[in-house]
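# Structural description and commentary
So the chains spell out like this:
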Amino acid sequence: MGKCEQCIVRQFSSLKVLTKDELHKMADCKTSYTIKKGQPIFEEGDITNGIYCIKEGVCKLSKLSSNGKDQIVKLVKSGDLLGQRSVISEEPANLSAVALEDMEVCFIPKNEVIQFFTENNKFSMDVMKNICGDLKEADDIMVAMAQKSVKERLAGTLIYLEETFGIEKDGLLRLQLSREELAGMIGTATESCIRLLSEFNKSGLIQLIGKKIKIIDKIKLKRLAE
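Residues numbered from 1 in each chain as written. Predicted model: local features only at pLDDT ≥ 70, side-chain atom pairs only at ≥ 80, totals over all residues. Heavy atoms only, no water.

Before going further, it helps to spend a moment on unusual backbone geometry. Here the phi dihedral of Asn49 falls at roughly 55°; this positive angle occurs in a residue that is not glycine. Tracing the chain through its elements places Asn49 in the loop between β2 (40–42) and β3 (50–56). Given a relative accessible area of 45%, Asn49 falls into the partly exposed group. A positive phi angle is found at Glu90, which is not glycine, with a value near 55°. Mapped onto the secondary structure, Glu90 falls in the loop between α2 (84–89) and β7 (96–99). Residue classification places Glu90 among the exposed positions, given a relative accessible area of 62%. (Helix = DSSP H or I, 4+ residues; strand = E, 2+ residues; numbered from the N terminus. Buried < 20%, exposed > 50% of the residue type's maximum accessible area, 1.4 Å probe, protein only.)

Our next topic: helix α3 (residues 110–119). The set of residues buried in α3 consists of Glu112, Val113, Phe116 and Phe117. Looking straight down α3, one finds its buried side chains confined to an arc of 145°; they lie on one side. Seen from the buried face of α3, the exposed residues on the opposite side, beyond 90 degrees, are Asn111, Thr118 and Glu119. If you follow the buried residues of α3, they end up packed against α1 (20–29), β3, α2, β8 (103–109) and α4 (121–147). (Arc of directions from axis to C-beta. Contact = heavy atoms within 4.5 Å.)

This part covers the nonpolar core. Judged by nonpolar contacts, the single largest core of 27 residues is most densely connected at Leu75, Leu154, Leu158, Leu182, Ile206 and Leu221. Where this core is concerned, the elements lending two or more residues are β5 (70–76), α5 (150–165), α6 (179–186), α7 (190–202), β10 (212–215) and α8 (218–225). Element by element, the count of residues in this core is highest for α5, at six residues. Residues within four places of Ile206 in sequence aside, it is in contact with Leu158, Leu197, Phe200, Asn201, Ile213, Lys214, Ile215, Ile216 and Leu221. Residues Cys7, Met26, Leu81 and Ile108 belong to the second largest nonpolar core, which totals 20 residues. (Core = buried A, V, L, I, M, F, W, Y, C linked by side-chain atoms within 4.5 Å.)

Any functional reading would require information that these geometric values do not contain.
See below:
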């Protein structure tokens with residue numbers, strides 16, 4: 001059983017404010033497991049009954065629209081927590097969380113989380129701050145969807161992917177999303193996303209190597225995103 005107080009990723013989430021005793025309690029009740037690329041951690045409408053700490057890997061949080069399109073709301077990476085909103089609101093999950101690469105995830109049961117809430121003010125405040133941050137992010141996305149063109153949104157997303165998840169030695173984006181997933185992030189049809197990527201490629205902003213993407217002119221791409 002992994003020791004929670006020695007886990008580096010807890011430093012990046014609200015778990016950092018838990019006491020040593022609370023971390024020992026958490027280590028005793030948590031479940032650790034591997035989720036393969038493409039598998040869900042949970043799906044929209046599921047009762048989550050606890051929170052998930054992402055130890056390794058990236059997942060997408062998405063919502064299925066009435067026309068069957070997968071709208072990606074957020075990408076969640078190592079060190080982030082999932083499911084705290086459902087624990088507080090006592091409602092089923094509003095979004096689906098699906099692994100974009102193989103992941104290591106720890107699950108902490110609801111009873112334990114509620115105890116941390118009632119006994120540790122710093123923990124409850126930190127979780128609330130993070131939820132407020134998510135709300136602010138959702139506002140920004142809503143405004144971008146309404147006021148920016150699809151081309152601007154795609155440019156911004158490519159910059160975000162490089163700055164958040166980094167690049168490989170050969171300069172390719174480390175997190176490679178499918179064309180469908182990229183379209184789901186910027187709120188457009190897959191065909192439009194493919195057409196725009198081809199346009200960016202011809203303009204020398206990016207280089208398409210098979211299904212993979214490499215940013216060539218970051219300054220121009222940033223300017224386009226703004």
